[in-house]
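Structural overview for review
Residue-level listing of the chains:
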Amino acid sequence: MITGHTKLYGIVAHPIAHVKTPEEMNNHFASLGYDGVLVPFHVQPENLATFIDTLRRIENFGGLIVTVPHKTAILELCDSVVGDAAAIGAVNTIRRDPDGSLVGAMLDGKGFVRGLEASAIDVRGMKSCLLGAGGAASAIAFALAEAGVNSLRIVNRSAGKAEDLARRVAEHYPNVKASAGAPETASQDLVVNATSLGLRDGDPLPLEDTAFHSGQIVAEAIMEPEVTPILATAREKGALIHFGRPMLRQQIRLMAEHMGVTPAKA
Ligand code: NDP
């Protein structure tokens, strides 16, 4: 029940109707017995700064989830950021501290790695291939590097974006062999699709090389459909497949932790 004690949280996006976070986060609050509610905010890019400034002044506001198209612009509107958010260049969760200051974090990639871990997949020492160099891919690239992959090959339609991402990862994680170029899937332990190819019916595979094999893990960021063309192909070839949904599930926990949500005391 919402009362005068209930703490407020939000998700901001444009458009907003498709977002799944309100349901997932409110279920998470309920599972913790936490007196909070998360509501959707539909905000146009030109109104983002005013919206954020208003949140600073709402005393019972606890935090904000940020999604498309605001993840990059919101970085500059935070008072501080933690983890790799500045290097990634995006924020997807903000905590509002009691003095009104806003602390950003980028948890997309960490959620992805935690999702793998929840399936007992440890990426340490793996040779990995990341398809895509957009927002989700950038976060996943940094999280895979932080988690200790041996190498990271980044493949993207716009080659310059892949090169830039590989350079930034190499700068921050010199122990990881980060490179950009053509896919080398046959020799990779882990292939991750973080492009948007597979979201729509009839989308082609995100890579021409379909040399998947048993012993290899092929993971997806896309949540719907659950089985995308790359996962279907990889499964046919005997690879172990990993769905996109666990990435969101784990992010919900990480986002709640960042926003200071704690289980109710017994
Ligand atoms: P972006 O728009 O930032 O990036 C899209 C990526 O897909 C780019 O690398 C882009 O390449 C590539 N791409 C798009 N169209 C094509 C095409 N026709 N051919 C080849 N490459 C293409 O999107 P996001 O990074 O935010 O999202 C990517 C995916 O990740 C989405 O499917 C989204 O649903 C999913 N996602 C899942 C989350 C989860 O919790 N499971 C969280 C966040 C995202 P180029 O650079 O050349 O344009």
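Residues numbered from 1 in each chain as written. Predicted model: local features only at pLDDT ≥ 70, side-chain atom pairs only at ≥ 80, totals over all residues. Heavy atoms only, no water.

**Some thoughts on the pattern of salt bridges**
Under the definition given, this model contains 14 salt bridges. Measuring nitrogen to oxygen at the nearest pair gives 3.5 Å for the salt bridge that ties Asp 53 to Arg 56. Of this pair, Asp 53 and Arg 56 both sit in helix H2 (residues 48-56), separated by three residues, roughly a single helical turn. Residue classification places Asp 53 among the partly exposed positions, given a relative accessible area of 33%. Two residues, Asp 122 and Arg 124, come together in a salt bridge whose shortest N-O distance is 2.6 Å. (Salt bridge = Lys/Arg side-chain N within 4 Å of Asp/Glu carboxyl O. Helix = DSSP H or I, 4+ residues; strand = E, 2+ residues; numbered from the N terminus. Buried < 20%, exposed > 50% of the residue type's maximum accessible area, 1.4 Å probe, protein only.)

**Focus on the sheet that holds strand E7 (residues 127-131)**
Taken in spatial order, the six strands line up as E9-E8-E7-E10-E11-E12 in an open sheet, and their pairing is parallel. The sheet is open, and its two edges are formed by strand E9 (177-180) and strand E12 (240-242), each paired on a single side. Sheet twist, expressed as the mean angle between neighbouring strand axes with direction ignored, is 15°. Bridging between E7 and strand E10 (residues 190-193) involves four bridges; their strand directions are parallel. In the strand pairing of E10, Leu 131 is matched with Asn 193. (Pairing = 2+ DSSP bridges. Axes fitted to C-alpha atoms, helices over the stretch in contact; angles between N-to-C directions.)

**Some points on the site of the ligand**
Lining the immediate environment of the ligand, one finds 22 residues, of which Ala 136, Asn 156, Ser 158, Lys 161 and Ala 221 sit closest. Residue Gly 135 places a main-chain N or O atom 2.9 Å away from an oxygen atom belonging to the ligand. Within the contact set of the ligand, an oxygen atom lies 2.7 Å away from a side-chain nitrogen or oxygen of Asn 156. In isolation the ligand has 920 Å² of accessible area, and contact with the protein removes 74% of it. Breaking the shell around the ligand down by element, the ones donating at least two residues are helix H5 (135-147) and helix H8 (245-258). Per-class residue counts for the shell around the ligand are 10 nonpolar, nine polar and three charged. (Near = heavy atom within 4 Å. Polar contact = N/O pair within 3.5 Å; in protein donor to acceptor, adjacent residues only side chain to side chain. Areas by Shrake-Rupley, 256 points an atom, 1.4 Å probe, with all protein chains shown as cover. Nonpolar A, V, L, I, M, F, W, Y, C, P; charged D, E, K, R; others polar.)

**What about the UniProt feature "domain: Quinate/shikimate 5-dehydrogenase/glutamyl-tRNA reductase" (unreviewed entry) in the protein?**
UniProt marks residues 123-196 with the feature "domain: Quinate/shikimate 5-dehydrogenase/glutamyl-tRNA reductase" (unreviewed entry), using the numbering shown here. Helix makes up 36% of residues 123-196 and strand 24%, with an end-to-end C-alpha separation of 23 Å. (UniProt positions renumbered as here; feature names shortened; annotations may be inferred.)

**Remarks on H5**
Counted at 1.5 Å a residue, the expected span for H5 with its 13 residues is 18 Å, and the 18 Å between its end C-alpha atoms agrees. For H5, the full list of buried residues reads Ala 137, Ser 138, Ala 139, Ile 140, Ala 141, Phe 142, Ala 143, Leu 144 and Ala 145. In the stretch just after H5, Gly 148 is the one whose phi turns positive, near 100°. (Expected span 1.5 Å × (residues − 1).)

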